[in-house]
Amino acid sequence: METLLIILAVLFVALIVILPLIEKYAPKGESRDYGNLTRFIFPLMVVLILAQMIRHFFF
């Protein structure tokens, strides 16, 4: 349990540090097309839910 908390703390701190740096140094002038990404979100969520259900019930 202690190892899990350490890993979560490191990931949280990395997120706090890395996310502002990415936003600060990201190119500003480019227009991004997120239409292709939104097309895949719901099928990927369904796959994720099914995988979690299989893992929960069979493993």
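Residues numbered from 1 in each chain as written. Predicted model: local features only at pLDDT ≥ 70, side-chain atom pairs only at ≥ 80, totals over all residues. Heavy atoms only, no water.

Peer 1: How should I be thinking about the overall build of the protein in this particular structure?
Peer 2: A tally of helices and strands in the protein yields two helices and zero strands. Over its C-alpha atoms the protein spans a radius of gyration of 18 Å, topping by over 25% the 10 Å that the globule rule assigns to 59 residues. Overall, the protein is about 50 × 35 × 10 Å in size when its C-alpha atoms are taken along their principal axes. The proportion of buried residues among the 59 residues of the protein is 0%. Per element, the accessible surface of the protein, about 6,000 Å² overall, is 76% carbon and sulfur. Distance between charge centroids for the protein: 3 Å, based on 5 positive and 4 negative side chains. (Helix = DSSP H or I, 4+ residues; strand = E, 2+ residues; numbered from the N terminus. Rg over C-alpha atoms; globule rule 2.2 N^0.38 Å. Buried < 20%, exposed > 50% of the residue type's maximum accessible area, 1.4 Å probe, protein only. Areas by Shrake-Rupley, 256 points an atom, 1.4 Å probe, with all protein chains shown as cover. Lys, Arg positive; Asp, Glu negative; His and termini not counted. Charge placed at Lys NZ, Arg CZ, Asp CG, Glu CD.)

Peer 1: Looking at this model, I keep getting lost on helix 2 (residues 35-58). Mind explaining?
Peer 2: Spacing of three or four residues puts side chains on the same side of an α-helix, whose turn is 3.6 residues. Taking 1.5 Å of rise per residue, 24 residues should cover 34 Å, and helix 2 covers 36 Å from first to last C-alpha, within 8% of that figure. Taken as a whole, helix 2 carries its principal kink of about 30° at Ile-41; the proline Pro-43 stands between one and four residues after it. (Expected span 1.5 Å × (residues − 1). Bend = angle between axes of the 7 residues up to and from the residue.)

Peer 1: How should the environment of His-56 be read in this particular structure?
Peer 2: Along the polypeptide, His-56 turns up in helix 2. Counting along the chain gives 52 residues from His-56 to Leu-4, while the straight-line C-alpha distance between them is 20 Å.

Peer 1: Is there a simple way to think about helix 1 (residues 2-25) in this case?
Peer 2: Here helix 1 contains 24 residues, and its C-alpha end-to-end distance of 35 Å stays within 8% of the 34 Å for a straight helix at 1.5 Å per residue. Within helix 1, only zero of the 24 residues are buried, which leaves the element largely exposed.

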